[in-house]
Each structure stands twice: as structure tokens, then as C-alpha cells.
Amino acid sequence: MPSPLVQRLYQQLGYPRLSAAQVPDFLSQHTFSVLFFTEDPKRFPETNDVAVILPELVKAFNGQFAAAVIAQEDEKKLQSLYGFQVWPALVFLKGNEYLGTITGVQDWGGYLDEINKILAAEPSRPVSIGIPVVSH
């Protein structure tokens, strides 16, 4: 169940809460987007910190990217698509193309530096999750 701080993002601040099926449409409407993967805030308390930080990041970047919260029931499905392994996660995209991910909580300067790099980067493939393939 989402915490009150996560619920505030979509109930009071108007961030969309997206199912997996809604993500492509959301991404097509914005040049840059960030998807917030929360998991269970009881298991990952840093989720509440990121829920407070995210609106401040949107403001600091003058709305350069649109933010959305991924519905908890679809997070695991999408996690493998974006290749992150640490919760919470902010996944940045240009259109529907992957730019980068910031996981956990960072200091403010770290967020600003990393987001500037991500937004300036060329789209790439997300890092894959799984067992590395080794050839002999």
C-alpha cells in the first residue's frame, strides 16, 4: 500500500499513477519523463524521502520533465524492462527511450548533477538484470 507521502503525489500534486498499459501513452506525450518506482515504503523507507524530493526536482528543473508514479501492482513487470535492482528508483526517459536511472536517496547536489547528465545523454539500452552470459 502506498504511503501518505506517495499518495500525495497523485492525490494532491496531480502526478499520474500509471499502470503498465498507461506508460506508453504517458511517455508519448512528453519529451522528457521520470517514472517513480516506489515498491513498498514499509520495506524501503527511502521511498518516502524520494516522494518528498521528486516535486522539488521537478521545480528545480523548471518542469523540464514530467513525473509519474508507477502503480505498485505493475512495478515488478516494468522493473525488468528498465533494468534497475535498487528501490526506490527514478527512471528517466526521452519519449519512450531510456536515458538513465537514479536509485535510492542521493544528496541534493548529486541529484542535480546526475539529472543534468541524464537529460543530456543519448538514449541507450537499460542495464539488463539477470545472469551474465559467459562464452568459453
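Residues numbered from 1 in each chain as written. Predicted model: local features only at pLDDT ≥ 70, side-chain atom pairs only at ≥ 80, totals over all residues. Heavy atoms only, no water.

**Brief notes about the nonpolar core**
- Residues Phe-36, Leu-54, Phe-65, Leu-90, Phe-92 and Ile-115 are the most contacted members of the largest nonpolar core, which totals 25 residues.
- Taken together, the elements giving at least two residues each to this core come down to helix H1 (4-11), strand S2 (32-37), helix H3 (46-60), strand S3 (66-70), strand S4 (89-94), strand S5 (97-103) and helix H5 (108-120).
- When residues in this core are grouped by element, the largest group, six residues, is from H3.
- For Phe-92, the contacting residues outside a window of four places in its chain are Ser-33, Val-34, Phe-65, Glu-97, Tyr-98, Leu-99, Gly-100, Ile-102, Ile-115, Ile-118 and Leu-119.
- The next biggest cluster of nonpolar side chains, apart from the first, holds 18 residues, and it includes Phe-26, Leu-35, Phe-84 and Tyr-98. (Core = buried A, V, L, I, M, F, W, Y, C linked by side-chain atoms within 4.5 Å. Buried < 20%, exposed > 50% of the residue type's maximum accessible area, 1.4 Å probe, protein only. Helix = DSSP H or I, 4+ residues; strand = E, 2+ residues; numbered from the N terminus. Contact = heavy atoms within 4.5 Å.)

**Describing the packing of aromatic side chains**
- Tallied over the entire structure, the rule returns eight aromatic pairs.
- Among the aromatic side chains, those forming a connected cluster through ring pairs are Phe-37, Phe-44, Tyr-82, Phe-84, Trp-87 and Tyr-98.
- Here the basic side chain of Arg-17 rests over the ring of Tyr-10, its NZ or CZ set 5.7 Å away from the ring centre. (Phe/Tyr/Trp six-rings, centres within 6.5 Å; stacked < 30°, edge-to-face > 60°. Lys NZ or Arg CZ within 6 Å of the ring centre and 35° of its normal.)

**Remarks on the sheet that holds S5**
- Here we have five strands laid out as an open sheet, ordered S1-S3-S2-S4-S5, and mixed in their pairing. Two strands lie at the open edges of the sheet, namely strand S1 (17-18) and S5, each paired on one side alone.
- Pairing geometry for S4 and S5, over six bridges, is antiparallel. Its bridge partner being in S5, Leu-93 is matched across the sheet by Tyr-98.
- Where H3 meets the sheet, it contacts S2, S3 and S4, and its direction lies at approximately 165° from that of S2.
- Here H5 sits on the sheet and contacts S2, S4 and S5; the angle it forms with S5, its principal contact strand, is near 170°. (Pairing = 2+ DSSP bridges. Axes fitted to C-alpha atoms, helices over the stretch in contact; angles between N-to-C directions.)

**What to know about the pattern of salt bridges**
- For the structure shown, the criterion picks out five salt bridges.
- The partner of Lys-59 in a salt bridge is Glu-56, with the nearest N and O atoms 3.5 Å apart. In this pair, Lys-59 and Glu-56 are both assigned in helix H3, three residues apart and thus about one turn of the helix distant.
- Relative accessible area serves as the criterion here: at 56%, Lys-59 is assigned to the exposed category.
- Between Asp-74 and Lys-77 there is a salt bridge; the shortest N-O distance is 3.3 Å. Linking Asp-74 with Lys-77, this pair stays in helix H4 (residues 72-82), spanning three residues, or about one helical turn.
- Look at Asp-74 and you get buried, because its relative accessible area is 10%.
- Within this structure, Glu-39, Arg-43 and Lys-76 form a network of salt bridges that share partners. (Salt bridge = Lys/Arg side-chain N within 4 Å of Asp/Glu carboxyl O.)

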